[in-house]
Amino acid sequence: MDAAIRGASQIGFTIVSLTVSLVAVLIPLLFMGDVVGRLFREFAVTLAITIGLSAVVSLTLVPMMCARWLREEGPPGRFARRFQRGFDRLVAGYARTLDGVLARQGLTLLVALATLVLTVLLYLGIPKGLFPTQDTGQLQGRVEAAQEVSYPRMASLQAELARALLADPAVRNVASFVGVDAANSTLLHTGRLLIQLQRDGRPGLDALLQRLQQRAAAVAGVSLVLQPTQDLTIDAEGGATLYRASLEGADTATVRNWSLKLVEAMKRQAGLANVVTDAGAMGRALQVQLDRDSAARLGITAAALDDALYNAFGQRIVSTIFTPTNQYRVILEARPDTQQSPQALHQLPLRTSGGDTVPLSAVARISEVEAPLQLSHVAQYPSATLGFDTAPGTALGAAVQQVRDAAASIGLPESVSLSFLGAAGAYEQSLVSQLWLILAAVVCVYIVLGVLYESYVHPLTILSTLPSAGVGALLALWISGQDLGVIGIIGIILLIGIVKKNAIMMIDFALDAERHEGRSPHEAIREAALLRLRPILMTTFAALFAAVPLMLGFGEGAELRRPLGLAIFGGLIASQLLTLFTTPVIYLAFDRLGRRFGRAPSRAPVDVEGPRDAEGLTEGQGGR
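Being a predicted model, the structure only gives us computed values, none of them experimental. (Residues numbered from 1 in each chain as written. Predicted model: local features only at pLDDT ≥ 70, side-chain atom pairs only at ≥ 80, totals over all residues. Heavy atoms only, no water.)

**As for the overall build of the protein**
Then, in step 1: Within the protein, the regular secondary structure consists of 19 helices and 15 strands.
Then, in step 2: Over its C-alpha trace the protein gives a radius of gyration of 35 Å, far above what one expects of a compact globule, namely 25 Å for 624 residues.
Then, in step 3: Taking the principal axes of its C-alpha atoms as reference, the protein extends roughly 120 × 55 × 45 Å.
Then, in step 4: Of all 624 residues assigned to the protein, the portion counted as buried reaches 44%.
Then, in step 5: Split by element, the accessible area of the protein, about 32,300 Å² in all, is 60% carbon and sulfur.
Then, in step 6: Averaged over its 52 positive side-chain charges, the protein has a centre that lies 6 Å from the centre of its 51 negative ones. (Helix = DSSP H or I, 4+ residues; strand = E, 2+ residues; numbered from the N terminus. Rg over C-alpha atoms; globule rule 2.2 N^0.38 Å. Buried < 20%, exposed > 50% of the residue type's maximum accessible area, 1.4 Å probe, protein only. Areas by Shrake-Rupley, 256 points an atom, 1.4 Å probe, with all protein chains shown as cover. Lys, Arg positive; Asp, Glu negative; His and termini not counted. Charge placed at Lys NZ, Arg CZ, Asp CG, Glu CD.)

Listed below in structure tokens is the structure:
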């Protein structure tokens, strides 16, 4: 009971510092906007509540269980003795190394500064993206044929393409969609495929996509663009490609011409693949020009002509048949044999005012012209959409830059503006907010620690551990070929909260030894580093083992979680190796600065500890 009370009193402020600073890291996430901010918001709230509950448990339930359950045990077993001897050798080696580092403080400060510079360089140089591409076992395909293709011919071509893909041993089944639906509202010459892949025995995603594209190329008359289905998407509009850009201008013809030029320039970029645009989507149309004089003599109005055309070729509902289990709409249309050729339109009957009928050709001129298949507008301005995918090994950030380079190479005028939509647009917004988000988290932690320690200096000592974690996280992502995206930023935000616990454990102990035992800063921080080595290693290895399943995750969709595990694992290893030596040196450096410019007021905790033995252990501490 006495040991539990003393231990809780000694570690209580450390737990409060860790908890409050961890929650402070999450505060900026609550104020992020756009779709990415919404993803962060649930993460921040869930983690903050969990941290708060764990602090309550650590300060109440854990001491009670220690007082009731922990008892003196017999002599340690063989494994325990070997482990203790190994740990004693580790502590002795750390003590010798730490003494050498403390004797060369200038060199250690240079290493800490170099770590900060390396973190900045790695952040600037690492490829950046939004979300990693997942292999979910499902592919989406967009099929496109000639713009004047008929619906029966399109259905036949797509069925032939589906059979060719089903012949691949990696394909389990194919679902085919042709015509106008919710995903395709205007283009009749396009179709969609939903491809389910086999779970086992198939190659990697890039190799499989290339193999399926080769099979699709053997089907004449259609082109196929494939992309993997993702668990997490923020693009509300579907398309042939994962990423989209838009050109807007005041004139439709100008936008169309520059869109075609930009597409050609983008196709020459090595990092872009599957470049498409809707600007050149032109099809053949029949233009009906009413001869108003002839129509007036026969009593035929423009509204009557419009109704006749809609009755014959539209989707006019003339009645509904109700049954006990369903309802069926009755659609009025012309006979199928009158819809096969443009010449049949000339014979469309129109009713005159006298009750007789005349063919359409008697009151109108019918001509065949080219017309755009769709007209797009953004904020009432004519626009054209450009789609693109990233080539294998190319990050989204590099692809976005190559699109801008292509626009610059063709001399895109200022009257035509280029903007990114969907996932590419969200990437650009997140790129602006990433650095500010990290800086805001650091500032929040500094303010909270400054209030807790009533000092301007000690929070800087604690935050000095962050560059080493950033180096480890960014190197782990870079070496493994991962981009720095939203998931990696989540890992770095978590690291800001995790790695500073090493410094908090040391500084809390050192301040207490200085104030209550009169030890010098050098003696206090050295003793703190040695005595807090065991809990520092315990908490670090616990976090490392928790990150391993994320880092080595297998199965469908594991790519989305892997950057989180890599960032945490790499950051913890680098910070553990560096902060055990840099934190004591930085603590002494700031202590000297504080003595030179006047020490700020500090907290005065109640002295509840018993006397320390020769090795620096308190009466209730029970071992190092």
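**A short note on the packing of aromatic side chains**
Then, in step 1: Inspection of the entire model under this criterion finds 5 aromatic pairs.
Then, in step 2: Between Phe-79 and Phe-83, the aromatic rings sit 6.5 Å apart at their centres with planes inclined by 25°, giving stacked as the arrangement. Taken together, the positions of Phe-79 and Phe-83, both in helix H4 (residues 78-103) and 4 residues apart, correspond to about one turn of that helix.
Then, in step 3: Taken together, a centroid distance of 6.5 Å and an interplanar angle of 80° make the contact between Phe-388 and Phe-420 edge-to-face. (Phe/Tyr/Trp six-rings, centres within 6.5 Å; stacked < 30°, edge-to-face > 60°.)

**What to know about helix H1 (residues 2-26)**
Then, in step 1: When the terminal C-alpha atoms of H1 are compared, their 36 Å separation across 25 residues agrees well with the 36 Å that a helix rising 1.5 Å per residue should span.
Then, in step 2: Of all the bends in H1, the greatest measures close to 40° and is centred on Ile-11.
Then, in step 3: Burial in H1 covers these residues: Ala-4, Gln-10, Gly-12, Thr-14, Ile-15, Ser-17, Leu-18, Thr-19, Ser-21, Ala-24, Val-25 and Leu-26. (Expected span 1.5 Å × (residues − 1). Bend = angle between axes of the 7 residues up to and from the residue.)

**Some points on the pattern of salt bridges**
Then, in step 1: Inspection of every chain in the model, using the stated rule, returns 7 salt bridges.
Then, in step 2: Between Arg-526 and Asp-99 there is a salt bridge, and its shortest N-O distance comes to 2.7 Å. Residue Arg-526 is found in helix H17 (residues 521-531), and its partner Asp-99 is found in helix H4; the two are separated by 427 residues along the sequence.
Then, in step 3: Its relative accessible area of 27% is what places Arg-526 among the partly exposed residues.
Then, in step 4: Asp-168 is the partner of Arg-215 in a salt bridge, and the nearest nitrogen-oxygen pair spans 3.1 Å. One end of the pair, Arg-215, is in helix H7 (residues 205-217); the other, Asp-168, is in the loop between helix H6 (151-166) and strand E2 (171-178), and 47 residues separate them in sequence.
Then, in step 5: Judged by its relative accessible area of 1%, Asp-168 is buried. (Salt bridge = Lys/Arg side-chain N within 4 Å of Asp/Glu carboxyl O.)

**Some words on the packing of H1 against helix H16 (residues 486-517)**
Then, in step 1: Relative to each other, H1 and H16 sit at 155°, their axes nearing to 9 Å. With respect to H16, the axis of H1 lies roughly antiparallel. For the crossing formed where H1 meets H16, the hand is right-handed. Between H1 and H16, the residues in contact are Gln-10, Phe-13, Thr-14, Ser-17, Leu-18, Ser-21, Leu-22 and Val-25 and Ile-493, Ile-496, Gly-497, Ile-498, Lys-500, Lys-501, Ile-504, Met-505, Asp-508 and Phe-509, respectively.
Then, in step 2: The residue makeup of the contact of H1 with H16, split by class, is 10 nonpolar, 5 polar and 3 charged. (Axes fitted to C-alpha atoms, helices over the stretch in contact; angles between N-to-C directions. Parallel < 35°, antiparallel > 145°, perpendicular 65-115°, else oblique. Left-handed = near helix turned anticlockwise from the far one by under 90°. Contact = heavy atoms within 4.5 Å. Nonpolar A, V, L, I, M, F, W, Y, C, P; charged D, E, K, R; others polar.)

**A short note on unusual backbone geometry**
For residues that are not glycine, phi is negative in most cases, and the peptide bond is trans in most cases.
Then, in step 1: The backbone of Asn-274 sits at a positive phi, close to 55°, despite the residue not being glycine.
Then, in step 2: In this structure, Asn-274 sits in strand E6 (residues 272-277).
Then, in step 3: The class of Asn-274 is partly exposed, set by a relative accessible area of 31%.

**What to know about the sheet that holds strand E3 (residues 190-197)**
Then, in step 1: Strand order across the open sheet formed by 4 strands is E2-E3-E1-E4, with antiparallel pairing between neighbours. Either end of the sheet is taken by a strand with one partner, and the two such strands are E2 and strand E4 (222-228). The mean angle between the axes of side-by-side strands here comes to 20°, regardless of whether they run parallel or antiparallel.
Then, in step 2: Strands in contact with H6 are strand E1 (138-145), E2, E3 and E4; relative to E2, the strand with the most contacts, it is inclined by about 170°.
Then, in step 3: Those strands touched by H7 are E1, E2, E3 and E4, and its axis lies near 165° from that of E4. (Pairing = 2+ DSSP bridges.)

**Notes on the confidence of the model for the protein**
Then, in step 1: Averaged over all residues, the pLDDT of the protein is 82; the fraction at 70 or higher stands at 91%.
Then, in step 2: By mean pLDDT, strand E13 (residues 376-378) is the weakest element of the protein at 75, and strand E8 (residues 316-322) is the strongest at 91.
Then, in step 3: Residue range residues 600-624 is modelled with pLDDT below 50. Its contacts to residues more than four positions away, or to other chains, number 58 contacts. (pLDDT = per-residue confidence, 0-100.)

**What to know about H6**
In an α-helix, one turn spans 3.6 residues; hence positions three or four apart end up facing the same way.
Then, in step 1: Its 16 residues place the ends of H6 22 Å apart at the C-alpha level, agreeing with the 22 Å of an ideal helix rising 1.5 Å per residue.
Then, in step 2: Buried within H6 are the following residues: Met-154, Leu-157, Gln-158, Leu-161, Ala-162, Ala-164 and Leu-165. With its buried residues spanning 160° around the axis, H6 presents them on a single face. Opposite the buried face of H6, at more than 90 degrees from it, the exposed residues are Pro-152 and Arg-163. (Arc of directions from axis to C-beta.)

**Examining a nonpolar patch on the surface**
Then, in step 1: Taken together, Leu-107, Leu-110, Val-111, Leu-113, Leu-116, Val-117, Leu-118, Val-120, Leu-121 and Leu-124 make up a surface patch of nonpolar side chains, about 920 Å² in accessible area.
Then, in step 2: Note that Leu-118 resides in helix H5 (residues 105-125).
Then, in step 3: What makes Leu-118 partly exposed here is its relative accessible area of 38%. (Patch = residues over 30% accessible without salt bridge, like charges linked within 9 Å, V, L, I, M, F, W, Y side chains within 5 Å.)

**Regarding the packing of H4 against helix H18 (residues 533-551)**
Then, in step 1: At a closest axis distance of 11 Å, the pairing of H4 and H18 adopts a crossing angle of 110°. One way to sum up the angle between H4 and H18 is to call them roughly perpendicular. Each of Phe-83, Gln-84, Phe-87, Leu-90, Val-91 and Tyr-94 in H4 lies in contact with H18, whose residues at this interface are Leu-533, Arg-534 and Leu-537.
Then, in step 2: Its residues placed into classes, the contact of H4 with H18 shows 7 nonpolar, 1 polar and 1 charged.

**Some points on the nonpolar core**
Then, in step 1: Counting 112 residues, the largest nonpolar core has Leu-130, Leu-247, Leu-262, Met-266, Phe-388 and Ile-493 as its most contacted members.
Then, in step 2: By residue number, the principal contributor to this core is H16, which donates 19 residues.
Then, in step 3: Ala-164, Val-174, Leu-212 and Val-219 belong to the second largest nonpolar core, which has 25 residues in total. (Core = buried A, V, L, I, M, F, W, Y, C linked by side-chain atoms within 4.5 Å.)

**Some words on the environment of Ile-321**
Then, in step 1: Examined against the element boundaries, Ile-321 turns out to sit in strand E8.
Then, in step 2: Note: C-alpha distance between Ile-321 and His-522 (201 residues apart in sequence) is 92 Å.
Then, in step 3: Setting aside chain neighbours within four positions, we find Ile-321 in contact with Asn-326, Gln-327, Tyr-328 and Val-330.

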